[in-house]
Amino acid sequence: AIYLTIEKAVHVLGGLLGMVMVARALGGDTLADYGFAISLTAFFIPFLDLGMNNRIIKSVAGGADLATTLNVVIAYKMTLAPVVFGAMFLGGVVWGESHVSVAVALIGLSTIAMSMGDSASSVFKGLHRSHISCWMITGLTVLLLGSLAFSLHAGGGLAAVAWCYAGSRLVYCVIA
């Protein structure tokens, strides 16, 4: 329970610090665009997950075949990913300007990568190895905030912020 609480706190605190960094470096107008891109892509997370990560945790904890469980969950997510990405991107095009739709596309891809990584991370939770999942999320958050700090200090804009999300979450997916 302690590791799960720490993991959630790191994830939420990382999001807060990222928002503050973007606001201070890029100002209110870009913060609004950033908030739109994050909110739009976050809206689709439940559709990608649909309880599948909890299914992995319960199945693994119950002794089910890990390969079969992961195959079912990953097949579901990979089947749904193009549809979810298309909806995210369409929302970015319809409701945002062109520079925002690029950010939505990159953060949308990162959201799909995050969902895949979370599936692998759920295996550790099912094996009662939550400390591994906690360290993975902590590493992701440090990588994301570090890349944001570097990009913003170097003068990057909203696209650079979106690339930070895409890059760090792809690394998380591969490691997971």
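Preceding block: the structure.
First things first, this report covers the structure right here in the doc. (Residues numbered from 1 in each chain as written. Predicted model: local features only at pLDDT ≥ 70, side-chain atom pairs only at ≥ 80, totals over all residues. Heavy atoms only, no water.)

## Points about the layout of surface pockets
- For the largest pocket, the calculated volume is near 900 Å³.
- Looking at the lining of the largest pocket, the elements with two or more residues in it are helix H1 (2-43), helix H2 (45-49), helix H3 (52-61), helix H5 (98-126), helix H6 (130-153) and helix H7 (158-175).
- Residue classes in the lining of the largest pocket are distributed as 17 nonpolar, 12 polar and seven charged. (1 Å grid on protein atoms, 1.4 Å probe; cavity = no way out; pocket = protein on both sides within 12 Å on 5 of 7 lines; lining within 4 Å. Points joined across faces, edges and corners; volume = space filled by probe spheres on them. Helix = DSSP H or I, 4+ residues; strand = E, 2+ residues; numbered from the N terminus. Nonpolar A, V, L, I, M, F, W, Y, C, P; charged D, E, K, R; others polar.)

## Thoughts on the side chain of Arg 169
- Relative to the elements of secondary structure, Arg 169 occurs in helix H7.
- In this structure, Arg 169 is buried with no salt-bridge partner, the nearest side chain bearing the opposite charge being Asp 118 at 8.0 Å. (Buried < 20%, exposed > 50% of the residue type's maximum accessible area, 1.4 Å probe, protein only. Lys, Arg positive; Asp, Glu negative; His and termini not counted. Salt bridge = Lys/Arg side-chain N within 4 Å of Asp/Glu carboxyl O.)

## As for the nonpolar core
- With 25 residues, the main nonpolar core has Tyr 34, Val 104, Leu 148, Val 161 and Tyr 165 as its most contacted residues.
- Those elements that provide at least two residues to this core are H1, helix H4 (66-95), H5, H6 and H7.
- Among all residues touching Tyr 165, those that are not within four sequence positions of it are Tyr 34, Ile 38, Ile 107, Ser 110 and Leu 144.
- Among the nonpolar cores identified, the runner-up in size contains six residues, and Met 52, Val 60, Val 73 and Val 123 belong to it. (Core = buried A, V, L, I, M, F, W, Y, C linked by side-chain atoms within 4.5 Å. Contact = heavy atoms within 4.5 Å.)

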